[in-house]
Amino acid sequence: ASLPDGVVAANAGFLASLVLYQCVRPGAPLIYGIEDLTGFSNLSGLVLALGLARRYNVPISVDGLSTAAGHLGPRCGGEGALAATLAVLAGADEVQGAGLLAGGQTYSPEKAVHDAEQARQLRRLAQGVALDEERLMAAAIDRVGIGGHYLLERETRKLMRAEVYTWQIRDDRTQAEWLGSGRDEQGRLVKEAERLLATH
C-alpha cells in the first residue's frame, strides 16, 4: 500500500537523523518520532519519549523548529519558539527543523537565519543558571558594600560578556525609525541570508 506524503516526509527526516547520528557516533541507538509539538495533546508524547530516552540512555531528536505556517510571520515565530523551547527544557539532544515552513515542505533561507538566532538563544538556555559564589558576586558585594555600585567591577564585566545573551541580528533602531521603515523585518532577514550566502 502507498503511504501518505506526510508519512514519507517524516520517514525521510528520520533517515536523515539516523545517518547523522551514525556518522557522529557509529552504532548509537536513536529514539525519533515526535512531530507537531505545538499541539498540547502531543506534550505527553514528548514527556514519554524523553522518559524512554533517559531510561535507556539514548539520544532523542525533536522536530521543534519547523512550523506548519506557509510563510514568515507571527504564527511561524510563535510555533518555533514554543516547541523548540519546550524540547530544550525537557532535555532533547537535538532540535531540528531550522528553515522549514509548511510542515517541512518548504525551505526558507530567511527562516533559517531567524532559527539560527533562536538556536543560539536555546543553547544559552540549555546551559541553565548557575548560582555559585562567582555568579552571585559574593566577593564583590563584600568589597563594594550595600549602597555602592558594581558597574566598574571586573566581575560585572566578565559576567556581562558570559551570561547575558545579545542578539547577533539585532535591530537598534528607535520605534519611530522602525515604524517609518515600514516594519520590514523579513527584509532584514533576506539581506542577512544573502550576505551569508555571498560570503560563505
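Residues numbered from 1 in each chain as written. Predicted model: local features only at pLDDT ≥ 70, side-chain atom pairs only at ≥ 80, totals over all residues. Heavy atoms only, no water.

Caption draft 1: Structural context of the overall build of the protein. Across its full length, the protein holds eight helices and five strands. Counting helices and strands in the order they occur from the N terminus, the protein gives α-β-α-β-α-β-β-β-α-α-α-α-α. In the structure as shown, the protein presents an accessible area of about 13,200 Å², 59% of it carried by carbon and sulfur atoms. (Helix = DSSP H or I, 4+ residues; strand = E, 2+ residues; numbered from the N terminus. Areas by Shrake-Rupley, 256 points an atom, 1.4 Å probe, with all protein chains shown as cover.)

Caption draft 2: Summary view of the pairing of strand E2 (residues 60–63). Strand direction decides the pairing type here: E2 and strand E3 (residues 94–96), joined by three bridges, are parallel. Bridge pairing in E3 places Asp-63 opposite Gln-96. Taken together, E2, helix H3 (residues 74–90) and E3 form a β-α-β motif whose crossover is right-handed. (Pairing = 2+ DSSP bridges. Right-handed = clockwise from strand over helix to strand, strands pointing away.)

Caption draft 3: Representation of helix H4 (residues 109–127). Its 19 residues place the ends of H4 27 Å apart at the C-alpha level, agreeing with the 27 Å of an ideal helix rising 1.5 Å per residue. Taken together, the buried positions of H4 are occupied by Glu-110, Lys-111, Ala-112, Val-113, Asp-115, Glu-117, Gln-118, Leu-122 and Arg-124. (Expected span 1.5 Å × (residues − 1). Buried < 20%, exposed > 50% of the residue type's maximum accessible area, 1.4 Å probe, protein only.)

Caption draft 4: Quick peek at H3. Helix length check: H3, at 17 residues, gives a terminal C-alpha distance of 24 Å against a target of 24 Å (1.5 Å per residue), a fit within 8%. Considered for burial, the residues of H3 that qualify are Cys-76, Glu-79, Gly-80, Ala-83, Ala-84, Ala-87 and Val-88. Down the axis of H3, the buried side of the element spans an arc of 140°, and every buried residue falls inside it. Facing away from the buried surface of H3 by more than 90 degrees, the exposed residues are Pro-74 and Leu-89. Buried residues along H3 sit against E2, E3, strand E4 (100–101) and H4. (Arc of directions from axis to C-beta. Contact = heavy atoms within 4.5 Å.)

Caption draft 5: Looking closely at the pattern of salt bridges. Here the structure, examined in full by the defined rule, presents six salt bridges. Where Asp-115 meets Lys-111, a salt bridge forms, and the shortest distance between an N and an O atom there is 2.5 Å. Here Lys-111 and Asp-115 lie together in helix H4, a separation of four residues that amounts to about one turn. On the basis of relative accessible area, Lys-111 is assigned to the buried category, the value being 1%. Here Glu-155 ties to Arg-143 by a salt bridge, and the two come within 3.0 Å at their closest N and O atoms. (Salt bridge = Lys/Arg side-chain N within 4 Å of Asp/Glu carboxyl O.)

Caption draft 6: Seen up close, the packing of H3 against H4. Direction vectors running N to C along H3 and H4 enclose 30°, while the axes themselves pass 10 Å from each other. In terms of orientation, H3 lies roughly parallel with respect to H4. In this structure, H3 meets H4 at a crossing whose hand is right-handed. Residues Cys-76, Gly-80, Ala-81, Ala-84, Thr-85, Val-88 and Leu-89 of H3 touch H4, and the partners they reach there are Lys-111, Gln-118, Leu-122, Leu-125 and Ala-126. Among the residues forming the contact of H3 with H4, the class breakdown is eight nonpolar, three polar and one charged. (Axes fitted to C-alpha atoms, helices over the stretch in contact; angles between N-to-C directions. Parallel < 35°, antiparallel > 145°, perpendicular 65-115°, else oblique. Left-handed = near helix turned anticlockwise from the far one by under 90°. Nonpolar A, V, L, I, M, F, W, Y, C, P; charged D, E, K, R; others polar.)

Caption draft 7: Structural detail: the side chain of Gln-118. When you line up the elements, Gln-118 lands in helix H4. Gln-118 has contacts with Leu-65, Gly-80, Ala-81 and Ala-84, leaving out every residue within four places of it along the chain.

Caption draft 8: A look at a nonpolar patch on the surface. A grouping of Leu-48, Leu-52 and Tyr-56 is seen on the molecular surface, where their side chains present a nonpolar patch of about 330 Å² in accessible area. Looking at the element boundaries, Leu-48 is found in helix H2 (residues 43–56). (Patch = residues over 30% accessible without salt bridge, like charges linked within 9 Å, V, L, I, M, F, W, Y side chains within 5 Å.)

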